[in-house]
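Structural description and commentary
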Amino acid sequence: MKPIIEMKNIVKTFSDNVVLDHVNFTLNQGETRALLGVNGAGKSTLIKILNGIYHADSGEIYFEGERVRINSPQDAEKLGIRFVHQELNVCPDLTVAENIFIGHLKKNRFGFYDEKGIYAASQDLLNQLEINIKATDRVGDLRAAEMQIIEILKAMILNSKVLVLDEPTSSLSEKEKVIFFNLLGTLKERGVSFIFISHFLEDVLQISDHATALKDSRNNGEFDTKKTTKEELIFAMMGKNAIQKERIEAEKGNDAPPILELRNLCSSGKFRNINLSVQPGMILGVCGLLGAGKSEIARAIYGLDKYDSGEIVYKGEVIKNPTPEKMMKNHVAIVTEDRKLEGFVPLMSISENITLSTLRRYAAKLGFVKEKLRCAKSLKIAQSVTVKMTSDKQKVESLSGGNQQKVIIGRCLESDPELFILDEPTRGVDVYAKTEIYNILIDMANRGVTVLIFSSELEELLAVCTEIIVLRSGEIKERVQAKETGKAELLSLIS
């Protein structure tokens, strides 16, 4: 195979911190190559150098055999390198065609906007790739997988030769991944090359040809993904294997009265007739496809969203009109799906974020904060949830995704929860940090805390939960024992 991209001996430092230490990366024509590494290994910096956002201190980049200088994203685009970022960049109120051509609108011979031209070209592209959506469809009405496909089609109209996919499957269900992977296969047959960045090693093994692993800012292995295992990739990224603790037994706490009951909970257009109960010390999972109502139920329990009818019974008492303040006082904590928007204050320190919900505990008589006491407690919690930090004064925005999530979990722990609700708790988190988060949840459950996990990651639920509830179209369809259920069976239940 002929290389299309070669990055040789790339070095990048920020102040005294070496982020890339003579890193080499090669992508061949028509290849899908995974770029692997835990948060902080240097993946993002390497890709930003390829995109011209950062400039390497030293090293060389070759494209189609010729040495190139990429000083800006525009330089990368001219070469035919396009980036599809984890955060979808679509305009929901525009049509598919308008989204595909946004920024590159066609003009007719008089210099005016050629509306017919962009719709015809978009529909032709959709037909060629056998994508079952229409150019006239409103993007806001599409599923996550279809929005992800539109991001790729934006690149295809510019005849891109290389697509860099950053966590492209993080918001897709198992069913949607099939649609997405089929498109990648079609484009690959046409000679398009892919750099695939993902924390989902199952996806890496399924879709990529080869993988390059980074560890501690250096190369740490090249792999033929058809001949390697998930465990070998984890070891290359970490230098050690991720060891998960034993989850609590399914029988534990079954005779105790439920800590939470939902009775005929309904919310128009979101979910209906939700009946469930969960005992102390249990880890209960809730899964379903996009739109099944997972997040909406989690938010309704905590009072973030209203519901129409039904009852929420907590520790034997009906909670009327729940609000976050009321639930917090009742020792209920939540980790919401969007950590960046709702989970933490980015410019505050780790210490400040962890104690944000419990500042009254550290208030002196005149209202001043007992800073030494607060800092001591927050540091202890940050260490207990294994936050990787230079100090607890470090701003949360500077942490990796996995460590940001652990700060949020630490803040919830500081509030002494008896019921802990988590919505997509490990989205965008590397495989080792996932295991650390799972171990924190298992420890909490073993101490008697009830954990309720709403997740689209089936392997996550099977690995951690005692029981799993299956949602379809806003209704509960099944409740299964995790230990007695496989991924294929669970997937068939949610589909």
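The model shown is predicted, which means the values in this text are computed figures rather than measured ones.

Some remarks on the nonpolar core
- L50, I81 and I152 are the most contacted members of the largest nonpolar core, which has 77 residues in total.
- Broken down by element, this core gets its largest block of residues, 7 residues, from helix 5 (residues 144-156).
- Those residues in contact with I152 that lie beyond four places of it in its chain are V84, L163, L165, F180, L183, L184 and L187.
- Residues L399, L441, A482 and L490 belong to the second largest nonpolar core, which totals 45 residues.

Considerations on the sheet that holds strand 10 (residues 218-224)
- Here we have 6 strands laid out as an open sheet, ordered 6-7-8-3-9-10, and mixed in their pairing. Each of the sheet's edge strands pairs with one partner strand only, and the pair in question is strand 6 (81-84) and strand 10. Strand after strand, the sheet turns through a mean of 20° between neighbouring axes, direction not considered.
- Of the pairings in the sheet, the one linking strand 9 (residues 210-215) to strand 10 comprises 5 bridges and is antiparallel in character. Along strand 10, the bridge assignment pairs L214 with N219.

Quick notes on unusual backbone geometry
- Of note in this structure, N273 is not a glycine but carries a positive phi near 50°.
- If you trace the backbone, N273 turns up in strand 12 (residues 271-278).
- For D416, which is not glycine, the phi torsion reads 50° and is therefore positive.
- With respect to the secondary-structure elements, D416 resides in the loop between helix 14 (401-414) and strand 17 (419-423).

Section: the environment of A300
- Considering the arrangement of structural elements, one finds A300 in helix 9 (residues 294-302).
- When the C-alpha positions of A300 and D338 are compared, they lie 16 Å apart, and in sequence the two are 38 residues distant.
- Not counting residues within four places of it along the chain, the set of residues in contact with A300 comprises F271, D305, Y307, I312 and P322.

Description of the packing of helix 14 against helix 15 (residues 431-446)
- Across the interface, helix 14 lies against helix 15 with an axial gap of 10 Å and an inter-helix angle of 15°. Judged by the inter-axis angle, helix 14 sits roughly parallel to helix 15. The chirality of how helix 14 crosses helix 15 is left-handed. Contacts from G402, Q405, K406, I409 and L413 in helix 14 reach A433, E436, I437, I440 and M444 in helix 15.
- Residues belonging to the contact of helix 14 with helix 15 are distributed by class as follows: 6 nonpolar, 2 polar and 2 charged.

Points about the pattern of salt bridges
- Tallied over the entire structure, the rule returns 32 salt bridges.
- Across the pair K377 and E414 runs a salt bridge, and its minimum N-O distance is 3.1 Å. Here E414 lies in helix 14 and K377 lies in helix 13 (residues 371-384), a separation of 37 residues in the sequence.
- Taking relative accessible area as the criterion, K377 reaches 31% and is therefore assigned partly exposed.
- Under the relative-accessibility criterion, E414 is labelled buried at 0%.
- Here E459 ties to K487 by a salt bridge, and the two come within 3.4 Å at their closest N and O atoms. On the criterion of sequence distance, the pair formed by E459 in helix 16 (residues 458-464) and K487 in helix 17 (residues 487-494) is long-range, its members being 28 residues apart.

What to know about the pairing of strand 18 (residues 450-454)
- Counted residue by residue, strand 18 has 5 buried out of 5 residues, so it is predominantly covered.
- Of the two faces of strand 18, the one holding T450, L452 and F454 and the one holding V451 and I453 are both buried throughout.
- As paired strands, strand 13 (residues 283-287) and strand 18 are joined by 4 bridges and run parallel to one another. Its bridge partner being in strand 18, I283 is matched across the sheet by V451.
- Sheet topology note: the strand 17/strand 18 ladder contains 5 bridges and is parallel.

Some details on the packing of aromatic side chains
- With the rule as written, the count across this model stands at 2 aromatic pairs.
- Look at F14 and Y54: their rings are 5.2 Å apart centre to centre, the planes differ by 70°, and that puts the pair in the edge-to-face class. Here Y54 lies in the loop between helix 1 (43-50) and strand 4 (58-63) and F14 lies in strand 1 (residues 3-14), a separation of 40 residues in the sequence.
- Relative accessible area serves as the criterion here: at 27%, Y54 is assigned to the partly exposed category.
- Consider the rings of F180 and F181, whose centres lie 6.2 Å apart with planes at 45°: the pair is tilted.
- One Lys or Arg, K8, reaches over the ring of Y62 and ends 4.7 Å from the middle of that ring.

Describing the pairing of strand 13
- Most of strand 13 is tucked away, with 5 of its 5 residues classed as buried.
- Of the two faces of strand 13, both are covered, the one formed by I283, G285 and C287 as well as the one formed by L284 and V286.

Considerations on the sheet that holds strand 13
- Spatially, 6 strands are ordered 16-17-18-13-19-20 in an open sheet, and the strand pairing comes out mixed. Single-partner strands in this sheet number two, and they are strand 16 (332-335) and strand 20 (475-481). Adjacent strand axes in the sheet meet at a mean angle of 15°, parallel and antiparallel pairs treated alike.
- Relative to strand 17, strand 16 runs parallel, the two being bridged by 4 bridges. From the neighbouring strand, V332 faces strand 17, where its bridge partner is L419.
- Contacts between helix 14 and the sheet are confined to strand 16 and strand 17, with strand 16 contributing the most and set at about 170° to the helix.

Overview of the confidence of the model for the protein
- With 95% of its residues at a pLDDT of 70 or more, the protein has an overall mean of 88.
- Of all helices and strands in the protein, the one with the weakest mean pLDDT is helix 5 (79), whereas strand 4 scores best (97).

A look at the side chain of S208
- With respect to the helices and strands, S208 occurs in the loop between helix 7 (201-207) and strand 9.
- Within the local environment of S208, its side chain forms a polar contact with the backbone oxygen of V204, the two atoms lying 2.5 Å apart.
- Setting aside anything within four residues of it in sequence, one finds S208 in contact with T32, A34, D203, T225 and K226.

Definitions and limits used
- Residues numbered from 1 in each chain as written.
- Predicted model: local features only at pLDDT ≥ 70, side-chain atom pairs only at ≥ 80, totals over all residues.
- Heavy atoms only, no water.
- Core = buried A, V, L, I, M, F, W, Y, C linked by side-chain atoms within 4.5 Å.
- Buried < 20%, exposed > 50% of the residue type's maximum accessible area, 1.4 Å probe, protein only.
- Helix = DSSP H or I, 4+ residues; strand = E, 2+ residues; numbered from the N terminus.
- Contact = heavy atoms within 4.5 Å.
- Pairing = 2+ DSSP bridges.
- Axes fitted to C-alpha atoms, helices over the stretch in contact; angles between N-to-C directions.
- Parallel < 35°, antiparallel > 145°, perpendicular 65-115°, else oblique.
- Left-handed = near helix turned anticlockwise from the far one by under 90°.
- Nonpolar A, V, L, I, M, F, W, Y, C, P; charged D, E, K, R; others polar.
- Salt bridge = Lys/Arg side-chain N within 4 Å of Asp/Glu carboxyl O.
- Phe/Tyr/Trp six-rings, centres within 6.5 Å; stacked < 30°, edge-to-face > 60°.
- Lys NZ or Arg CZ within 6 Å of the ring centre and 35° of its normal.
- pLDDT = per-residue confidence, 0-100.
- Polar contact = N/O pair within 3.5 Å; in protein donor to acceptor, adjacent residues only side chain to side chain.

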